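So you can see what is in the structure, the chains are spelled out below.
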Amino acid sequence: MIVDCHTHLNNYHDEAVDDLRASVDKLVRDMRRNRVDAALVLSSYKVTPGRPSTRAVVEATREHANLFVVAGFSWSSFTERDLDEIRPGVEAGKVKGLKLYPGYEPFYPYDDKLKPVMAFAREHRLPVMIHSGDTYTPRGKLKYSHPLHVDDLAVDYPDVDFVICHLGNPWIRDTMEVVYKNANVYTDFSGLVLGDFEDRFESYMRQQVHEMLLFGVQPERLLYGTDWPIASMESYLEFMEELRMPPRDRKLMMYENAIRLFKLPIELPALGGRPFGLL
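Just so it is clear, the model here is predicted, and its values are computed rather than measured.

Visitor: How should the packing of aromatic side chains be read in this particular structure?
Guide: The tally for this structure, following the rule as stated, stands at 12 aromatic pairs. Between the aromatic rings of Tyr 45 and Tyr 101, the centroid separation amounts to 5.3 Å while the plane-to-plane angle is 45°, which identifies the pairing as tilted. Here the residue Tyr 45 occupies a position in the loop between β2 (38-42) and α2 (54-60), and Tyr 101 occupies one in the loop between β4 (95-100) and α4 (115-124), the gap between them amounting to 56 residues. Side by side, Tyr 45 and Tyr 101 carry an identical accessibility label, which is buried. Seen in terms of ring centroids, Phe 197 and Phe 239 are 4.7 Å apart; in terms of plane orientation they differ by 15°. Their pairing is stacked. Residue Phe 197 is found in the loop between β7 (185-188) and α7 (199-215), and its partner Phe 239 is found in helix α8 (residues 233-241); the two are separated by 42 residues along the sequence. As far as the burial class goes, Phe 197 and Phe 239 line up, both buried. Above the face of the Phe 68 ring, Lys 94 is positioned so that its terminal group lies 6.0 Å from the ring centre. Above the ring of Trp 75, the side-chain terminus of Lys 113 is found at 5.2 Å from the ring centroid.

Written as structure tokens, this is what we have:
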């Protein structure tokens, strides 16, 4: 079984073009081709024709029982009405997490303006995913996206779970410390490459993951994700296959951790007619 905890339906080729239906169809095809059972779809911090709103993503994925939504928020335009808008999706079991994008927007993730987001996450027991590390655009400001900032959140909100996205790359060792120190912090493998892994970088990242496990980061806190469509599912699965780890740890990373953290239904009709297995 495979759960990809980090995908998007954004039309990165042309944000002025609404391509939502085609993006859903392509995601479903790529999941079927790569035997991915379920995926979390993250909405963006901004809404354009090519970057659909959380409400639009919920509607577009409604017929797919194995696609879930993580609601993205904009720090610059946030109001509590944004939380009211996603509440029906949360109560229906479709919205399974929240996402913040420091670095893409100039704010630290512990900004007081976002206290209502943390309160909402606590109320509904939703994990909060934090963009960390490098940004897709050179206009991002890296000082805001350092993974050490998640330590502040973890300490101030001990009853909320957080996910450092992208291993905080290139600050992987800092991510290791934040995850090791805080029982309510996880990290995902998504967005490490654009497209496919190159041999040298793949070898380097394998070493980094092995160091994480040796450092004492428990496999229960590691999540499989790709950042599709920026990164290819095929290349990511090949990368994971080549990691040297016990089968039990692999199962945790590939699906069990995501099912528990995001409280996904255990049994769902999966692509290709294969049901979810029981833990």
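Visitor: Sorry if this is basic, but what is going on with the side chain of Asn 11 here?
Guide: Topologically, Asn 11 is positioned in the loop between β1 (3-7) and α1 (20-33). Residue Asn 11 is classed as buried on the basis of its relative accessible area, which comes to 9%. A distance of 3.1 Å separates the side chain of Asn 11 from the backbone oxygen of Asp 14, its partner in a polar contact. Beyond its immediate chain neighbours, meaning those up to four positions away, Asn 11 contacts Val 17, Asp 19 and Gly 50.

Visitor: In this structure, what is going on with the sheet that holds strand β6 (residues 162-164)? I would like to understand it.
Guide: The strands making up a sheet associate through hydrogen bonds between their backbones, and the pairing can be parallel or antiparallel. Taken in spatial order, the eight strands of this open sheet run β1-β2-β3-β4-β5-β6-β7-β8, and their pairing is parallel. Looking at which strands have only one partner, the edges of the open sheet turn out to be β1 and β8 (222-223). Sheet topology places β7 next to β8; two bridges connect them, and they run parallel. Opposite Asp 188, over in β8, you have Leu 223 as the bridge partner.

Cut-offs applied
- Residues numbered from 1 in each chain as written.
- Predicted model: local features only at pLDDT ≥ 70, side-chain atom pairs only at ≥ 80, totals over all residues.
- Heavy atoms only, no water.
- Phe/Tyr/Trp six-rings, centres within 6.5 Å; stacked < 30°, edge-to-face > 60°.
- Helix = DSSP H or I, 4+ residues; strand = E, 2+ residues; numbered from the N terminus.
- Buried < 20%, exposed > 50% of the residue type's maximum accessible area, 1.4 Å probe, protein only.
- Lys NZ or Arg CZ within 6 Å of the ring centre and 35° of its normal.
- Polar contact = N/O pair within 3.5 Å; in protein donor to acceptor, adjacent residues only side chain to side chain.
- Contact = heavy atoms within 4.5 Å.
- Pairing = 2+ DSSP bridges.

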